[in-house]
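Chain residues, written in single-letter form:
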Amino acid sequence: MIRAERLAFRYPDGTPALDGVTLTIAAGEFVALIGQNGAGKTTLAKCLAGLLRPTHGRVVVGGIDTAAKGVMKALVRRIGYVFQNPDHQLFNTRVYDEISYGPKNLGVPERERDAVVREVAAVAGVRPELFSEHPFFLSKGLRQRVAIASTLAIRPQVIVVDEPTTGQDYRQSIDVMEFLTRLWRQQGHTIIIVTHEMPIVAAYAQRVIALCRGRVLADGPTREVFAQPDLLAQTFVKPPQVTRLARAWAGAGVRADALTVDELVDEVVRVAGGERAVAVPRAGRQEPPAGPGAQADA
Amino acid sequence: MGEAQIAKKTLLGMVPADSPFYRFHPVGRMALLIFLSVTPLFIDMPEVNLGLILVTLGLLWWGRVRMQQVRRYLPLLVTVAIFMFGVAFLAPGNRTALTPIRSVGATFYFEPMWWAFVSYCRLIAMLFGAILYFSTNRERDTLVALRSLGVPFAVSYVAALSLRSAGMFMEDFKTIREAQQARGLDLESLSVVEKAKLYTMYTVPLFAVALRRADEISNALFAKGYTLSGRPAGGGRRTDYLRAQYPVRARDWAVSVGLVGAFALVAALSKTTGVFSDHLSPLRAVVVGMVAAR
Amino acid sequence: MRLAVEVERFSWRYPFAQRDALREVSLAIPAGEFTLVVGPNEAGKTTLMLAIKGIIPHSLAGRHDGTVRVFGEPVAQKNAAVLARQVGYVFGDPDAQFTALTVEEEILFGLENVGVPTSEIGARIRRASELTMISDLLDKPPYDISGGEKQRVAIASVLAMDPEILILDEPTSMIDPLGKDLIVDICGSLKRDRRMTVIVVEHNVEAFAPLADRVVLVRDGRIEREGAPRTFFDDVESLIDCGVYPPQVTQVFARLQRRGLYAGPLPLTDEEGVAAGTRLLQGAGRWR
């Protein structure tokens, strides 16, 4: 469990980043931090992970105050942070050494370490054939997986990922997000992502915290947060297109808080179809079914 | 081109945009650097060097540099003094050839202490010359000065790029340090030896990031039409828009030639006539007198 | 119809690679058109762009076959300065293309390289920075401005050179939402101008599809599909399989179309979608 109490952070050159943030993240949540650049989301994520010490207020992770001395090793066992650019994290000459570094540094004995590395690599999608490869020469997607695997190897309860889908194509984005969802659902990890991509947030996050100028602007279940587009506009965030469409069609009875393409399509079908039996989806054009309320344009 | 700014940011601080220094061409300012910073090498007499320091302080004040910035260097001055005089006290050399002074229960030796003083004055004069330059000049000013002096474009460009890379390097270093902390590296609890051993944790990512960026920058340079010689597409000399913003006036010639001339004069005099020798220093005479009186 | 770019059965293999990055690619882009290039990562999109710009083969080693022509002449025969005048290139990483100490110097660097006379430089800097809304950043060093601002500086420095073709390789990928919108706006005004041939590689299809005259799908080193946006996104499922995410509104209506609830052109924007949906729901008698 992570608690931030009146957390404030100012960079050494004087730039204020966070201005009194108080929040609690319970174990097992899937949270997305959103907001304009400079709003403080990455700073907040780093403070929660103990990488930055608060200028005022405090952060407590699993009972440990992040500002205390010598707690880095204990913190790292509870909360792991994956950076946006994997190149900043990878420093070993072999993938295997990279993944095993964390447990080694924490004093895990060798046999247990090997088991952990193999398990975590499998979960992260890093094939054993890659173990003796040099991380520098792998593709960006693979490097990110190695970075995630090396963070997972420490077995933190909480995993923070900075921009998991930036620069990825759709397939790769889904792969990463499904992977994080498996960690969340099946292994009970708490997941915190920092991201700009609202469709990803809408489809995967359970709770959204929006930041604006160093303060919390909105904090709640995803549907509720995206139901306030005017508020979100303050931090230059727009809800995903399907949500915008749903709100525009709310007058017809469509649920205004649709978050995904599937939900919106089902909603429209439900509302437009009325009691009429829905035609079985087939590829190619379909003759409109007979009955009242057939649609308009040709 | 920046006229609307109230203050310009230099390498070591801020200076008002209407500072009198900006009425002079960057080459003149660089000539001032040479005069204030290199001349002390030829001057042993501490009074002259102290005088130069006063001149430099005066110029800082005249140029409207914020004096609080200068105060930041006090700890450095004190540390250097402690170091130099400490060495002179603890390791004076062949004691039999030197003049001892007994004071406050310890034995000082005149010659090494005097020499430490002479060197200290010289060093501080050079340092202040550099402080004045870097407090009143931006990277762009240095670039224009170099180009005006005929430094080839590629050289001045690479120098500028290195300066900028230093900034990026510091950014990357900070991020990498955080990334390693996230792997459980707790720097505070490590000994110096252990910290040194962990340098691979930093150098490998730094190189990786730098290599990738170098690759990308070389493509970016090509994309902007840059060829290694720096010569433009149609041939002929490269236009220099920045230099064109700094017209050279008569006073700039006067200042540059005057300062470089003065420097040359001092150097020549020092080597030939020894007029700046510390043995001619009035201060030395006074101190020797005090020592002899004991 | 003047062709800005002609790619004729062009193949390229990077050194030490197992396979060709581009395999006999053929593409013709008429002058003045706005083309959107989509496809999964590592499909060859960037390689194709580098080949049009001339970085391939001038700056990168590798094996190639076939020809790439810009305004009728093969790229391999032009030098860096000529290519810089004709084809502008904006890279995806804002940090990796900032080569000077201040914004103003960044813009004028390219101008000096291509030999623009000093008298004209000032005006060009002004115009380019106004178009990209960075006029108040001219004196700033790169570490003092955000990623979105850096990217706009990159666009300004390329626009100042007044190229006839502008290539943007994932310009919004590393940029925050506000910065993204501004970049899309800039592309919008370039399109309205109609003077430049613009080619954008992007994953952010939702923002750029409405601007495109044509969309091209690159996959596995080949061009798998190309067409006008209205017809390009018809087959939503196979696009998603390819790693391309069509605008959500287009996906919604494609699915509604298949369920027999919608017949008509697939919308590409919020406005079109709202209108089409409203008509659909009114037609269904649902609007209160």
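Residues numbered from 1 in each chain as written. Chains lettered and ligands numbered in written order. Predicted model: local features only at pLDDT ≥ 70, side-chain atom pairs only at ≥ 80, totals over all residues.

Q: An account of the overall build of chain B is needed here, citing residue identities and associated values.
A: Helix and strand counts for chain B come out as twelve helices and four strands. Relative to the 2.2 N^0.38 estimate, which gives 19 Å for 294 residues, the radius of gyration of chain B is 25 Å and therefore markedly larger than a compact globule would have. The C-alpha extent of chain B, read off along each of the three principal axes, is 75 × 60 × 35 Å. Relative to its 294 residues, chain B shows a buried fraction of 30%. (Helix = DSSP H or I, 4+ residues; strand = E, 2+ residues; numbered from the N terminus. Rg over C-alpha atoms; globule rule 2.2 N^0.38 Å. Buried ≥ 20, exposed ≤ 12 C-beta atoms within 10 Å, placed from the backbone.)

Q: Explain the domain arrangement of chain A to me, and be specific about the residues and the numbers.
A: By a widely used convention, the size of an interface equals the accessible area lost when the partners come together. Residue and element names in this part refer to chain A. In terms of domain boundaries, chain A breaks down into domain 1 (2–238) and domain 2 (243–273). The interface of domain 1 with domain 2 comprises six residues on the first partner and five residues on the second. Top element by residues in the side of domain 1 that touches domain 2 is helix α8 (residues 222–226). It accounts for three residues. (Domains from an automatic or database assignment. Contact = placed C-beta atoms within 7 Å.)

Q: Tell me what's going on with the sheet that holds strand β2 (residues 22–30) of chain C, and back it up with residues and numbers.
A: Residue and element names in this part refer to chain C. Reading across the sheet, the four strands line up as β2-β1-β4-β5 and stay open at both edges, with antiparallel pairing between neighbours. Pairing within the sheet leaves two strands with one partner each, and these edge strands are β2 and β5 (73–74). Summarising the sheet, strand β1 (residues 3–13) and β2 pair through six bridges and their orientation is antiparallel. Each bridged residue has a counterpart across the sheet, and for E6 the counterpart in β2 is A28. (Pairing = 2+ DSSP bridges.)

Q: Account for helix α4 (residues 103–113) of chain C, naming residues and giving values.
A: Counted residue by residue, α4(C) has eleven buried out of eleven residues, so it is predominantly covered. For α4(C), the complete set of buried residues consists of V103(C), E104(C), E105(C), E106(C), I107(C), L108(C), F109(C), G110(C), L111(C), E112(C) and N113(C). Taken together, the buried residues of α4(C) touch α10 (241–244) of chain B together with α3 (80–86), α5 (118–131) and α6 (147–159) of chain C.

Q: An account of the interface of chain A and chain B is requested, with residue identities and associated values reported.
A: Between chain A and chain B, the residue contacts involve 22 residues of the former and 18 residues of the latter. Listing elements by their share of the side of chain A that touches chain B, those giving two or more residues are α2 (72–78), β6 (79–82) and α3 (95–105) of chain A. Residue classes in the side of chain A that touches chain B are distributed as twelve nonpolar, six polar and four charged. (Nonpolar A, V, L, I, M, F, W, Y, C, P; charged D, E, K, R; others polar.)

Q: I'd like a description of helix α10 (residues 241–248) of chain A, backed by residues and values.
A: For α10(A), the full list of buried residues reads Q241(A), V242(A), T243(A), L245(A) and A246(A). Residues of α10(A) that are buried sit in contact with α7 (198–204), α8 and α11 (261–273) of chain A together with α8 (205–208), α11 (248–258) and α12 (270–283) of chain C.

Q: Just give me the short version of the confidence of the model for chain B, but keep the residues and values in it.
A: Residues and elements named next belong to chain B. When pLDDT is averaged along chain B, the result is 80; 90% of the residues meet or exceed 70. Note on residues 1–5: pLDDT under 50 across the span, and five contacts to partners over four residues away in sequence or across chains. Listed scores for the predicted complex are pTM 0.82 and ipTM 0.88. (pLDDT = per-residue confidence, 0-100.)

Q: Any chance you could break down the interface of chain C and chain A for me, citing the residues and the numbers?
A: The interface is formed by 44 residues belonging to chain C together with 47 residues belonging to chain A. Mapped by element, the contributors of at least two residues to the side of chain C that touches chain A are α7 (177–193), α11 and α12 of chain C. In terms of residues, the side of chain C that touches chain A owes the most to one element, α12(C), which gives nine residues. Residue composition of the side of chain C that touches chain A, grouped by class: 19 nonpolar, 15 polar and ten charged.

Q: Break down the nonpolar core for me, citing the residues and quoting the values.
A: Soluble globular proteins tend to bury their nonpolar side chains together. Core analysis: the biggest nonpolar cluster contains 232 residues, and L33(A), A149(A), V160(A), A210(A) and I52(C) have the highest contact counts within it. It is helix α5 (residues 110–136) of chain B that contributes the most residues to this core, ten residues altogether. A149(A) has contacts with I99(A), V120(A), A121(A), A124(A) and V126(A), leaving out every residue within four places of it along the chain. (Core = buried A, V, L, I, M, F, W, Y, C linked by C-beta atoms within 7 Å.)

Q: Describe unusual backbone geometry, with residues and values.
A: All names here are of chain C. Look at the link from I56 to P57: it is a cis peptide, with omega at 5 degrees. Counting through the fold element by element, P57 comes out in helix α2 (residues 55–58). The residue R9 is not glycine, and still its phi comes out positive at about 45 degrees. Mapped onto the fold, R9 is located in strand β1. Residue classification places R9 among the exposed residues on the basis of 11 C-beta atoms within 10 Å. A positive phi angle is found at F16, which is not glycine, with a value near 60 degrees. With respect to the element layout, F16 can be found in the loop between β1 and β2. Looking at F16, the number of C-beta atoms within 10 Å reads 7, which means it is exposed.

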